[in-house]
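Structural overview for review
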Amino acid sequence: MDIVRNLLPQSKKKLIHARNFAQQMNHAAASEQTQSHWHLQQWWILIAGVFLLSSILVFAFTRPIDPTKIEADYLRKTDPQIYALLNGEILTPPPAVDESLIDAAIIQAQILESSPSTISPTQQFPNVTPSVDNEEFGDMRSSFDTAQIDRKWDKMHPSYKQRLLMVFKIMKERHGYEMVLLEGYRSPERQTRLSGNAATTLAKAYQSYHQFGLAADVAFKRDGKVVISERDPWAWQGYKLYGEAAESVGLTWGGRWTRIHDYGHTEFRMPGLRKNRESAERLISEAQNQGLMANNNAR
């Protein structure tokens, strides 16, 4: 009780002091008191400044941030070519396709490609001499029958991903073809296993752009079904258009290769890239970090 009795007078004095200070501040705020109470008016300026700064900080940290802005800022600094090509419009990946549709398309492709046919797609393309650094490492359709395939976009490097998405947009808006992703990033272990079949790919681990997030294999979607085989006339026409669109945005198209034709494959040959484990890990890390930054800021 003694402690309470001692605190009450002190609290009362502090309350009176605060009220007197508030009255002085209010009196000092009057325009006619500018000269005589300038030191108190500084408090009003300080309080107003703190309030304004707090408001700015709250707005900056709570306003919603467009996830694509993260990627746009990155591309503007590191890849001005695709940034200019996009004209500031950062594209987002389409929804994932049901795995069962791809499985059904694989079976259908195997049936078509094992049947006699007068269609000879490899003879319908002009004979284009590949560049010196073209390894002609193709990925034939038999490589799609494994559960270890990565059909997500999160490990695709922004420089390649935005180019590929632009091709998707061109194919849909100009030609009426809906594209689907069959495989993006490919682990070095899977690449080594595939290289055991020369008809599938000649590239071992870290020799394919798939390990760097700079390559993908695609197909088409028609009437709710995925179509892979180029022996389907509609798909064959689509692959030709796809190759043209891909090359128009700076991608290398597997349909131009001579030893193995891979019509659904494109890759981005990043200038100065050294094809080794360190480069692969760095590029994949960059791709994933961009995605994480965008997701965290979107929450």
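Residues numbered from 1 in each chain as written. Predicted model: local features only at pLDDT ≥ 70, side-chain atom pairs only at ≥ 80, totals over all residues. Heavy atoms only, no water.

Points about the pairing of strand β2 (residues 215-222)
In terms of burial, β2 is a largely internal element, 6 of the 8 residues being buried. Pairing of strand β1 (residues 178-183) with β2 involves 5 bridges; the strand directions are antiparallel. Bridge assignment links Glu178 to a residue of β2, and that residue is Lys221. As defined by bridge partners, β2 adjoins strand β5 (residues 265-267) across 3 bridges and the pair is classed as antiparallel. Along β5, the bridge assignment pairs Ala216 with Thr266. Of the strand pairs in this sheet, β2 and strand β3 (residues 225-227) are connected by 3 bridges, and their pairing is antiparallel. Looking at the pairing, Arg222 lines up with Lys225 of β3. Connecting the antiparallel pair β2 and β3 is a turn made up of 2 residues, with Asp223 showing a positive phi of about 55°. (Buried < 20%, exposed > 50% of the residue type's maximum accessible area, 1.4 Å probe, protein only. Helix = DSSP H or I, 4+ residues; strand = E, 2+ residues; numbered from the N terminus. Pairing = 2+ DSSP bridges.)

As for the side chain of Thr201
Locating Thr201 in the fold gives a position in the loop between α8 (188-194) and β2. A distance of 3.1 Å separates the side chain of Thr201 from the backbone nitrogen of Ala203, its partner in a polar contact. (Polar contact = N/O pair within 3.5 Å; in protein donor to acceptor, adjacent residues only side chain to side chain.)

Quick look at the packing of aromatic side chains
Two aromatic rings are characterised by how far apart their centres lie and by the angle between their planes. For the structure shown, the criterion picks out 8 aromatic pairs. With centroids separated by 5.8 Å and ring planes inclined at 70°, the aromatic side chains of Phe220 and Trp234 adopt a geometry described as edge-to-face. One end of the pair, Phe220, is in strand β2; the other, Trp234, is in helix α9 (residues 233-248), with 14 residues separating them in the sequence. Since its relative accessible area comes to 25%, Trp234 is described here as partly exposed. (Phe/Tyr/Trp six-rings, centres within 6.5 Å; stacked < 30°, edge-to-face > 60°.)

So, helix α5 (residues 99-114)
An ideal rise of 1.5 Å per residue puts 22 Å on 16 residues; α5 measures up with 23 Å between its terminal C-alpha atoms. Listing the buried residues of α5 in full gives Ile102, Ala105, Ile106 and Ala109. On an axial view of α5, the arc spanned by its buried residues comes to 105°, and they lie on one face. On the buried face of α5, the contacting elements are β1 and β3. (Expected span 1.5 Å × (residues − 1). Arc of directions from axis to C-beta. Contact = heavy atoms within 4.5 Å.)

Some points on the pattern of salt bridges
The full count for this structure, using the stated rule, is 11 salt bridges. Here Arg190 makes a salt bridge to Glu183, at a shortest N to O gap of 2.8 Å. Neither Arg190 nor Glu183 differs from the other in exposure class; each is buried. For Arg282, the salt bridge is made with Glu286, and the minimal N-O distance between the two is 3.5 Å. Residue Arg282 and its partner Glu286 are located together in helix α10 (residues 277-298), separated by 4 residues, close to a single helical turn. Exposure remark for Arg282: the relative accessible area of 43% places this residue in the partly exposed category. (Salt bridge = Lys/Arg side-chain N within 4 Å of Asp/Glu carboxyl O.)

Considerations on the environment of Thr78
Among the secondary structure elements, Thr78 is positioned in helix α3 (residues 67-78). For Thr78 and Ser159, which are 81 residues apart along the polypeptide, the C-alpha to C-alpha distance reads 8.5 Å.

As for the environment of Ala216
Turning to its location among the elements, Ala216 is positioned in strand β2. Taking the C-alpha atoms as reference, Ala216 lies 9.2 Å from Lys161; in sequence the two are 55 residues apart. Ignoring sequence-local partners within four residues, the contact set of Ala216 consists of Met156, Tyr160, Leu164, Leu181, Glu183, Gly184, His210, Gly264, His265 and Thr266.

Topic: the nonpolar core
Inside soluble globular proteins, nonpolar side chains tend to come together where they are buried. Formed by 55 residues in total, the largest nonpolar core has its most connected members in Leu164, Met171, Leu214 and Ile228. Of the residues forming this core, the biggest block, 8 residues, is contributed by helix α7 (residues 158-175). Apart from the residues within four sequence positions on either side, Met171 is in contact with Gly176, Tyr177, Met179, Phe220, Gly238, Leu241, Tyr242 and Ala245. (Core = buried A, V, L, I, M, F, W, Y, C linked by side-chain atoms within 4.5 Å.)

Here's the deal with unusual backbone geometry
Phi is positive for Tyr206, which is not a glycine, with a value near 65°. Its location among the elements puts Tyr206 in the loop between α8 and β2. Located in the positive-phi region is Asp223, a residue other than glycine, with phi close to 55°. Assignment of secondary structure puts Asp223 in the loop between β2 and β3. On the basis of relative accessible area, Asp223 is assigned to the exposed category, the value being 75%.

Section: the confidence of the model for the protein chain
Of the residues in the protein chain, 65% reach a pLDDT of 70 or more, and the chain-wide mean stands at 78. Within the model, the stretch residues 59-67 combines pLDDT values under 50 with 4 contacts to residues more than four positions away or in other chains. Per-residue pLDDT stays below 50 along residues 118-137; that stretch engages in 39 contacts with residues further than four places along the chain or on separate chains. (pLDDT = per-residue confidence, 0-100.)

Regarding α7
Its 18 residues place the ends of α7 25 Å apart at the C-alpha level, agreeing with the 26 Å of an ideal helix rising 1.5 Å per residue. Of all the 18 residues making up α7, 13 are buried; the element is thus mostly covered by neighbouring parts of the structure.

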